[in-house]
Amino acid sequence: MDATKKKIREILSVRLNLSTAVEKIDDDAPLFGPGSVGLDSIDALELVLGIQKEFGVAIEDRALAVKVLVSIDTIAEYLTSRSAGSPEAAGGRNG
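Here is a short report on the structure shown in this document.

The rules behind the values
Residues numbered from 1 in each chain as written. Predicted model: local features only at pLDDT ≥ 70, side-chain atom pairs only at ≥ 80, totals over all residues. Heavy atoms only, no water. Helix = DSSP H or I, 4+ residues; strand = E, 2+ residues; numbered from the N terminus. Buried < 20%, exposed > 50% of the residue type's maximum accessible area, 1.4 Å probe, protein only. Contact = heavy atoms within 4.5 Å. Areas by Shrake-Rupley, 256 points an atom, 1.4 Å probe, with all protein chains shown as cover. Polar contact = N/O pair within 3.5 Å; in protein donor to acceptor, adjacent residues only side chain to side chain. Axes fitted to C-alpha atoms, helices over the stretch in contact; angles between N-to-C directions. Parallel < 35°, antiparallel > 145°, perpendicular 65-115°, else oblique. Left-handed = near helix turned anticlockwise from the far one by under 90°. Nonpolar A, V, L, I, M, F, W, Y, C, P; charged D, E, K, R; others polar. Salt bridge = Lys/Arg side-chain N within 4 Å of Asp/Glu carboxyl O.

## Some words on the overall build of the protein
Inference 1: Within the protein, the regular secondary structure consists of four helices and zero strands.
Inference 2: A buried classification covers 34% of the 95 residues belonging to the protein.
Inference 3: Partitioning the contacts of the protein with sequence separation of at least 6, the portion at a separation of at least 24 is 57%.
Inference 4: Accessible surface, the protein as shown: approximately 5800 Å² in total, 50% of it carbon and sulfur.

And the structure:
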């Protein structure tokens, strides 16, 4: 899972150009909302696109995104559960 979290941090750093040093963000720190890292809806879209490009996992449902994009931990858990599942669970993408 450490490799997955590292990749998630890379996405946060490169795609979102965060002012906060990404390595200083706790794995369980909230990414959105009060007391969070301070990401907004545009950041959420970039994060979803980065996850899809890097991991081949689509997050197409807003309700799912709200559950998954809570923290680095929740994103990593979702990606791990998808990679352990069927191709349909990984967004139905081939290749």
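Read on for the rest.
## Things to note about the environment of Glu54
Inference 1: Tracing the sequence through the fold places Glu54 in helix α2 (residues 41–55).
Inference 2: Residues Glu54 and Lys7, spaced 47 residues apart in sequence, show a C-alpha to C-alpha distance of 8.0 Å.
Inference 3: Apart from residues lying up to four places away in sequence, Glu54 is in contact with Lys7 and Ile11.
Inference 4: A distance of 3.3 Å separates the side chain of Glu54 from the side chain of Lys7, its partner in a polar contact.

## Brief notes about the packing of helix α1 (residues 2–16) against helix α4 (residues 72–83)
Inference 1: Relative orientation of the contacting elements α1 and α4 amounts to 120°, with a least axis distance of 9 Å. Put simply, α1 runs oblique to α4. The interaxial crossing formed by α1 with α4 has right-handed handedness. Contacts between α1 and α4 pair Thr4, Lys5, Ile8, Arg9 and Leu12 from the former with Ile72, Asp73, Ile75, Ala76 and Leu79 from the latter.
Inference 2: When the residues that make up the contact of α1 with α4 are grouped by side-chain class, the tally is six nonpolar, one polar and three charged.

## Let's talk about the packing of α1 against α2
Inference 1: It is at 10 Å that the axes of α1 and α2 come closest, and there the two elements cross at 130°. What the angle tells us is that α1 and α2 run oblique. Note that α1 runs across α2; the crossing there is right-handed. Seen from α1, the contacting residues are Thr4, Lys7, Ile8, Ile11, Leu12, Arg15 and Leu16; seen from α2, they are Asp43, Glu46, Leu47, Leu49, Gly50, Ile51, Lys53, Glu54 and Phe55.

## Details of the side chain of Lys5
Inference 1: Considering the arrangement of structural elements, one finds Lys5 in helix α1.
Inference 2: Residue classification places Lys5 among the buried positions, given a relative accessible area of 15%.
Inference 3: Excluding its chain neighbours within four sequence positions, the residues that come into contact with Lys5 are Asp27, Ile72, Asp73 and Ala76.

## Here we look at the pattern of salt bridges
Inference 1: Tallying each qualifying case throughout the model produces six salt bridges.
Inference 2: The closest approach of N and O atoms between Asp73 and Lys5, which form a salt bridge, is 2.7 Å. Of this pair, Asp73 sits in helix α4 while Lys5 sits in helix α1, and the two are 68 residues apart along the sequence. The same class applies to Asp73 as to Lys5, namely buried.
Inference 3: Taking the shortest distance from any N to any O, the salt bridge between Arg15 and Glu46 comes out at 3.2 Å. One end of the pair, Arg15, is in helix α1; the other, Glu46, is in helix α2, and 31 residues separate them in sequence.
Inference 4: Owing to a relative accessible area of 31%, Arg15 belongs among the partly exposed residues under this scheme.

Geometric descriptors of this kind do not, in isolation, establish any biological role.
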